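# Descriptive analysis of the structure
Residues per chain are reported as follows:
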Amino acid sequence: MATLQEIMAKPVGLASGHRMCAGCGIGAIVRTVLAASDKPVIVANATGCLEVVTTIYPYSAWKVPWIHLTFENAAAVASGIETAYRALRKRGKIDKDVNIIAFGGDGGTYDIGFQALSGALERGHRFLYVVYDNEGYMNTGNQRSSATPFGASTTTVPAGTKSFGKPQWRKNIVEIAAAHRIPYAATAANHNIIDLYNKAKKALSQDGPSFLAVLQPCTTNWKYDPALTMTYSKLAVETNFWPLYEFDHGKLHINYKPKNRKPIEEFLKGQGRFRHLFKPENRPIIEKMQKMIDEEWERLLKLEESGAVL
Amino acid sequence: MSTWKALTGAQAVAEAMRQANPDVVAAYPITPQTPIVEQFASFVANGIVDTEMIPVESEHSAMSCTVGAAAAGARAMCATASQGLALMWEVVAAVPGLRLPIVMPIVNRALSAPINIHCDHSDAMGATTIGWIQIYSENAQEAYENTLLAIRLAEHKDVLLPVMVMQDGFIISHGVENVEVFDDEAVKNFVGERKPDRYLLDVDHPYTIGPLALPDYYFEIKRQQEAAMENALKVYLEVGKELSKISGHDYPYFEEYKTEDAEAVIVILSSAAGTAKDAVDELRNEGKKVGLVKPKLFRPFPYREMRKALEKFKAIGVLDRSMAFGAYAPLYTEVRNALFESENRPKLQSYIFGLGGKDIFKSDIKKVFDELLSGNLNPEEQRYIRLRG
Ligand SMILES: Cc1ncc(C[n+]2csc(CCOP(=O)(O)OP(=O)(O)O)c2C)c(N)n1
Ligand code: SF4
Ligand SMILES: [Mg+2]
């Protein structure tokens, strides 16, 4: 098992000097995932914060080969790269082993890129897809996505006198990915670098598609103190708002079980997107949220215990 | 040695692809392009080519995969029609800016609504302003040869632009012709191998493709694309000359048919030019001074050469197989533009025909020539051929 120091000592695929907001969690995620590869990496990146902040022409923060095409097709672009890799290998035009990694935001993955993702997973290309999940369209200023949690206020479904924010819970993207019977799909969170690193390593060792959904707090649009990114990531896990688990060949394993799960308010408070939930009239919304989280956790425990293969 | 084969237009393009043996093909079936995909898939399934084919879930992913593969360093091809081109539009529009030399055969089909699977040019004519080179083919033979030419044109270092090679849906794609298929070895030598100077799989030389560009550089990047289009005019002829050595055919910007002493000519694209040539032959036999000009290279449009070719005629009828709703029809627009600088501008008349696969007959073409020769022209009026009253 690698230590944090060892991970940090690996060559850096994403250079500093990019234009992420202060406190943004994306950098740590990308750096960790790239460090987990012991082969050269090629990156396909969907439109979104990561793409925009790392490549303002004529500059690039990428020290690895990198492509951005459009918002909704990182998985298809990665499919093309992987296929070109096999074709050129077969024809003796290249000889190096590589890993192909796609990065997309939650919008580019759960929503507009969903079809391309499903197609790529179904076809079985050998690549890792990483969604850095900040629970909304952040590059464009906090619009709702199907990863936005219940109760969050966004600019397209704002809280108001007749609205408590988003009325739906998020889509379960990891189980959907796993349901394609890919070898490996997992969640991870921004603060737990070692868990993320190990999962990325495991994902990259598969002979087929793998999928990681990494929770990434967004200082600007979750609206919290930029010093607290890792704190919020941790609270998301400690409250079971974002459990850490993996589907290894379809079988669920929960990686971390909080001894005393914290109440959801601990995660919600201090975030501007949930501020309205602390009004007395929205008390039932928080209660409902807590109930949904607890039920989902129970479901996961049962699924793990059953040993069933998804 | 070349061989003669009974092939549909779709099969003829698949033959060109077989001979080019690209590294990667990604395509999604749509009538009437489907037989290209099917034929090529059977080549792959039977080891006739060793291309890696990606059976994508949509045209959007077809073009996205093609771009990924081309950026990675592969020679990658795609093919589509109509709704498929419309669905992949966003990605199609990004390719020229990425300077990826992708060749995409298009089997022209009407655009919905109403949904219609038959031929017209509304799909490709909607894609004339985004930086793809466009070549139109009259028959299966031309579709075959243009596909080969397109590969070299696209990949030329002074060009590096994507190319659409058009053929008419059903009329050509599904009609069987005797096609001369050139010697495999000769074609292999002609198309050669793609040698990109930068590509993603060159992992020792990492490069960033597809960055964000702001107002300080975006414009400049687009201007370079236009320079590449200007180069394409020259390179098209050069590559054509090389292909001539194998084929014995010429590859001009446009074909001039019986135009030397003509007074009236029509300008028309693709398969309908074949019908129109028959009409020209018959009218010539009657002693009428008529001819035809068939553009092949539509983007970049050879304005200067077209002006020189057309300004000597008295009357010109331009026949378009698509409309540009609220504006002059696309081919007519270009002909008009080409002639603007002329001292003695010929009389022009715009006709629209054949939308959604409506047939056009020799008699229709003869009627056009009657109007051109008799001076029954009204440039203010849009004329329609075989439109129900
Ligand atoms: C087809 C298309 N629709 C809309 C947009 C505008 N757009 C750019 S990024 C983005 C949101 C991205 O959200 P996400 O994928 O979650 O990434 P994030 O910005 O949060 O990093 C949107 C809506 C676009 N670029 N392309
Ligand atoms: S808006 Fe959010 S996700 Fe985007 S760079 Fe800023 S902090 Fe990161
Ligand atoms: Mg997002």
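Turning our eyes to something else, we now look at the overall build of chain A. When its secondary structure is counted, chain A shows 12 helices and 10 strands. Whereas a compact globule of 310 residues would reach a radius of gyration of roughly 19 Å, chain A reaches 19 Å, a difference of no more than 12%. Once the C-alpha set of chain A is aligned to its principal axes, its extents read approximately 70 × 50 × 40 Å. Summarising the internal contacts of chain A: among those between residues at least 6 apart in sequence, 70% fall at separations of at least 24.

Let us look at the interface of chain A and chain B. Many authors give the size of an interface as the accessible area that is lost as the parts come together. Counting residues at the interface gives 42 residues for chain A and 43 residues for chain B. Carbon and sulfur atoms supply 65% of the area that chain A and chain B bury against each other, a total of about 3,400 Å² over both sides. The interface formed by chain A and chain B holds 8 salt bridges in total. Close ionic contact of Lys93 of chain A with Glu193 of chain B constitutes a salt bridge, the shortest N to O distance being 3.9 Å. At the boundary of chain A with chain B, the tally comes to 20 residue pairs in polar contact (both at pLDDT 80 or more).

Glancing now at a nonpolar patch on the surface. Side chains of Leu4, Met8 and Ile194 of chain A sit close together on the surface and give an oily, nonpolar patch of about 230 Å² of accessible area. By the secondary structure assignment, Met8 of chain A is in helix 1 (residues 4-9).

Residues and elements named next belong to chain B. Sheet architecture is open: 6 strands sit in the order 10-12-11-14-15-16, paired in mixed fashion. If you trace the sheet from one side to the other, it starts and ends with strand 10 (254-257) and strand 16 (383-384), each paired once. Looking at chain direction, strand 15 (residues 347-352) and strand 16 are connected through 2 bridges and run parallel. When the bridges of strand 16 are listed, Ile352 appears paired with Tyr384. Helix-sheet contacts for helix 10 (residues 272-285) involve strand 10, strand 11 (264-268) and strand 12 (290-295), and the interaxial angle to strand 12 is about 165°.

As a further point, take the side chain of Glu15 of chain B. Here Glu15 of chain B is to be found in helix 1 (residues 9-20). Every residue in contact with Glu15 of chain B, bar those within four places of it in the chain, is listed here: Lys5, Leu7, Phe43, Tyr144 and Val181 of chain B.

Our next topic: the packing of aromatic side chains. All names here are of chain A. In total, this model carries 21 aromatic pairs over all chains according to the counting rule given. Both rings, one in Trp222 and one in Phe267, keep their centres 6.0 Å apart while their planes meet at 85°; by these two values the pair is edge-to-face. Here Trp222 is found in helix 9 (residues 219-223), whereas its partner Phe267 is found in helix 11 (residues 265-268), with 45 residues between them in sequence. The same class applies to Trp222 and to Phe267, which are both buried.

All names here are of chain B. When the domains of chain B are assigned, the result is domain 1 (3-247) and domain 2 (255-384). Domain 1 and domain 2 are separated by 28 Å when their C-alpha centres are compared. Facing the 24 residues of domain 1 at the interface are 23 residues of domain 2. Between the two partners, domain 1 and domain 2, sit 4 salt bridges. Taken together, the links from domain 1 to domain 2 amount to 13 residue pairs in polar contact (both at pLDDT 80 or more). Residue assignment for the side of domain 1 that touches domain 2 shows that the elements contributing at least two residues are helix 6 (122-125), strand 6 (133-136) and helix 9 (218-247).

Our next topic: the site of ligand 2. Residues in close proximity to ligand 2 include Cys21, Cys24, Ile26, Cys49, Asn134, Gln216, Cys218, Thr219, Thr220 and Asn221 of chain A, which together make up its full environment. Considering each element in turn, the shell around ligand 2 owes the most residues, 3 residues, to helix 9 of chain A.

Side chains carrying opposite charge are able to pair once their charged atoms draw close together. One pass over the full model with this rule turns up 49 salt bridges over all chains. A salt bridge links Glu295 of chain A to Lys291 of chain A; the shortest N-O distance between them is 3.1 Å. Of the two residues, Glu295 of chain A and Lys291 of chain A both sit in helix 12 (residues 283-306), 4 residues apart, roughly one turn of that helix. Of the charged contacts in the structure, one is a salt bridge between Arg18 of chain B and Glu15 of chain B, with a shortest N-O distance of 3.0 Å. In this pair, Arg18 of chain B and Glu15 of chain B are both assigned in helix 1, 3 residues apart and thus about one turn of the helix distant.

Conventions and cut-offs
- Residues numbered from 1 in each chain as written.
- Chains lettered and ligands numbered in written order.
- Predicted model: local features only at pLDDT ≥ 70, side-chain atom pairs only at ≥ 80, totals over all residues.
- Heavy atoms only, no water.
- Helix = DSSP H or I, 4+ residues; strand = E, 2+ residues; numbered from the N terminus.
- Rg over C-alpha atoms; globule rule 2.2 N^0.38 Å.
- Contact = heavy atoms within 4.5 Å.
- Buried area = accessible area lost by both parts, 1.4 Å probe.
- Salt bridge = Lys/Arg side-chain N within 4 Å of Asp/Glu carboxyl O.
- Polar contact = N/O pair within 3.5 Å; in protein donor to acceptor, adjacent residues only side chain to side chain.
- Patch = residues over 30% accessible without salt bridge, like charges linked within 9 Å, V, L, I, M, F, W, Y side chains within 5 Å.
- Areas by Shrake-Rupley, 256 points an atom, 1.4 Å probe, with all protein chains shown as cover.
- Pairing = 2+ DSSP bridges.
- Axes fitted to C-alpha atoms, helices over the stretch in contact; angles between N-to-C directions.
- Phe/Tyr/Trp six-rings, centres within 6.5 Å; stacked < 30°, edge-to-face > 60°.
- Buried < 20%, exposed > 50% of the residue type's maximum accessible area, 1.4 Å probe, protein only.
- Domains from an automatic or database assignment.
- Near = heavy atom within 4 Å.

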